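Reading the structure
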Amino acid sequence: MKRTISIILLVLITIGMILPTAMAASDQVVITYGETTYNNQNYKNIVDNYFSRSASIHEATVKVINADEVNKISSSISKKVYSSSQIFSSALVDLTNGDDLDVEVDKSKITTINEDMYESALESAGITKGHVVVTSPVSSTGESALAGVMGCYEEATGVEVPENVKEAANEEIITEKEIVENSNVTPETLSEVVDEVKEEAEEKNLTNPEQIVPIINNIVINNNINLTPEDVDKLANTVSDIVAAQDDAQDLEEELSNKINNGQSFIDKILGFFGL
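Residues numbered from 1 in each chain as written. Predicted model: local features only at pLDDT ≥ 70, side-chain atom pairs only at ≥ 80, totals over all residues. Heavy atoms only, no water.

**Some remarks on the overall build of the protein**
When you go through the protein residue by residue, the secondary structure sums to 11 helices and five strands. Buried positions account for 50% of the 276 residues belonging to the protein. When contacts within the protein are restricted to residue pairs at least 6 apart in sequence, those whose partners lie at least 24 apart make up 81%. Total accessible area on the protein is roughly 13,300 Å²; 47% of this is exposed by carbon and sulfur atoms. (Helix = DSSP H or I, 4+ residues; strand = E, 2+ residues; numbered from the N terminus. Buried < 20%, exposed > 50% of the residue type's maximum accessible area, 1.4 Å probe, protein only. Contact = heavy atoms within 4.5 Å. Areas by Shrake-Rupley, 256 points an atom, 1.4 Å probe, with all protein chains shown as cover.)

**Let's talk about the sheet that holds strand S1 (residues 29–34)**
An order of S2-S1-S3-S5-S4 is seen for the five strands of this open sheet, with the pairing classed as mixed. Both outer strands of the open sheet, strand S2 (61–65) and strand S4 (102–105), are each paired with one neighbouring strand and no more. Strand-to-strand, the axes of this sheet are offset by a mean angle of 15°, without reference to chain direction. Those strands touched by helix H3 (residues 41–51) are S1, strand S3 (90–94), S4 and strand S5 (131–135), and its axis lies near 145° from that of S5. With respect to the sheet, helix H5 (residues 115–124) is in contact with S4 and S5, its orientation differing from that of S4 by roughly 140°. (Pairing = 2+ DSSP bridges. Axes fitted to C-alpha atoms, helices over the stretch in contact; angles between N-to-C directions.)

**Regarding unusual backbone geometry**
Phi at asparagine 205 takes a positive value of approximately 55°, unusual for a residue other than glycine. Tracing the backbone shows asparagine 205 in the loop between helix H8 (187–203) and helix H9 (209–222). Although it is not a glycine, asparagine 224 adopts a positive phi angle of roughly 55°. Looking at where asparagine 224 falls in the secondary structure, it is placed in the loop between H9 and helix H10 (229–244). In this structure asparagine 224 comes out as exposed when scored by relative accessible area, which is 70%.

**Here we look at the pattern of salt bridges**
This structure, assessed with the given rule, holds 10 salt bridges. The partner of lysine 177 in a salt bridge is glutamate 143, with the nearest N and O atoms 3.7 Å apart. Of this pair, lysine 177 sits in helix H7 (residues 163–182) while glutamate 143 is found in the loop between S5 and helix H6 (145–157), placing the two residues 34 residues apart along the sequence. Residues lysine 177 and glutamate 143 agree in their burial class; the two are buried. In this structure, the salt-bridge partner of glutamate 154 is lysine 166, at a minimum N-O distance of 3.2 Å. Taken together, the residues span a long stretch of sequence, with glutamate 154 in helix H6 and lysine 166 in helix H7 at a distance of 12 residues. It is possible to trace a salt-bridge network through shared partners that takes in Glu143, Lys177 and Glu181. (Salt bridge = Lys/Arg side-chain N within 4 Å of Asp/Glu carboxyl O.)

**Some words on the packing of H7 against H10**
One way to put it is that H7 packs onto H10 with a least axis distance of 9 Å and a crossing angle of 165°. Here H10 runs roughly antiparallel to H7, going by the angle between their axes. Considering only the axes of H7 and H10, their crossing is left-handed. Here H7 contributes Ala168, Glu171, Glu172, Thr175, Glu178, Ile179 and Asn182 to the contact with H10, which in turn contributes Asp231, Lys234, Leu235, Asn237, Thr238, Asp241 and Ile242. Within the contact of H7 with H10, the residues separate by chemical class into four nonpolar, four polar and six charged. (Parallel < 35°, antiparallel > 145°, perpendicular 65-115°, else oblique. Left-handed = near helix turned anticlockwise from the far one by under 90°. Nonpolar A, V, L, I, M, F, W, Y, C, P; charged D, E, K, R; others polar.)

**What about the packing of H8 against H9?**
Axis separation between H8 and H9 bottoms out at 10 Å; the angle between their running directions is 140°. In terms of orientation, H8 and H9 fall into the oblique class. Considering the relative orientation of H8 and H9, their crossing is right-handed. When H8 is examined against H9, the residues Val193, Glu196, Val197, Glu200 and Ala201 are found in contact with a partner set consisting of Ile212, Ile215, Ile216, Ile219 and Val220. Tallied by class, residues from the contact of H8 with H9 come to eight nonpolar, no polar and two charged.

**As for the side chain of aspartate 94**
Residue position: aspartate 94 is located in strand S3. A distance of 2.5 Å separates the side chain of aspartate 94 from the side chain of threonine 96, its partner in a polar contact. (Polar contact = N/O pair within 3.5 Å; in protein donor to acceptor, adjacent residues only side chain to side chain.)

**Overview of the environment of threonine 189**
Locating threonine 189 in the fold gives a position in helix H8. Judged by its relative accessible area of 27%, threonine 189 is partly exposed. Along the primary structure threonine 189 and aspartate 116 are separated by 73 residues, whereas in three dimensions their C-alpha atoms are 9.9 Å apart.

**Some remarks on the pairing of S1**
In terms of residue burial, S1 counts as a mostly covered element, since six of its six residues are buried. Both S1 and S3 contribute to a ladder of four bridges, which runs antiparallel. Paired with valine 30 across the strands is valine 93, a residue of S3. As paired strands, S1 and S2 are joined by five bridges and run parallel to one another. Looking across to S2, one finds that glycine 34 is bridged to isoleucine 65.

Here is the structure:
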């Protein structure tokens with residue numbers, strides 16, 4: 001009995017000594033608040049209450065994303081410019097268990113971008129691990145939240161997401177949001193269409209939008225969806241940019257996976273060494 005207790009104490013001490021360097025970059029919860037939310041205690045409480053249903057947030061690493069960071073990406077894509085009073089969307093990323101990507105969206109507040117859209121955009125960027133939660137204290141379309149999600153991953157892993165990958169993923173979200181607003185297609189249906197288009201374009205390594213347009217037209221016809229020629233062209237350009245960033249996204253996926261998986265496997269090895 002004493003020997004067992006001694007072994008357990010030794011394991012805990014060993015893990016405690018090595019954990020800061022072995023796990024600090026990957027095994028944690030990170031929250032990114034929109035600056036408007038962070039600067040309003042009532043808004044922040046609303047967001048924290050929602051996040052606390054999914055993870056323990058008391059020791060979470062906190063980041064604040066401001067309008068300049070969002071505009072750096074969105075202004076070149078949608079030409080929309082946000083003020084410091086418009087950044088509400090907030091995100092939580094939990095990498096504790098190293099599980100496959102799972103996205104939860106607060107549908108009572110995020111009105112346009114759904115789980116599938118965020119998940120698809122993140123996978124386009126090479127992000128395939130972690131539990132992601134997106135919410136807002138007020139009604140929001142949700143297109144600005146992806147910048148916060150990526151900020152969470154950078155903070156949690158110490159791995160910087162390349163700018164071209166960020167831009168392509170955000171472009172995907174913004175394009176989908178604009179198409180939903182311009183047509184009768186539902187977010188769920190559009191997400192499926194975009195996934196099909198990306199899969200075929202990536203398999204054929206197509207970066208010329210003119211070659212992607214026929215793929216889109218075939219898929220929307222098969223799904224009985226009506227898109228304007230402008231929306232088809234917009235989607236073709238977006239998918240082109242996603243495919244062009246594919247190599248960098250794959251490199252990022254490998255680097256992130258190594259960071260997230262290595263910490264957990266290291267602890268497993270320690271436990272295995274002591275027969276626990």
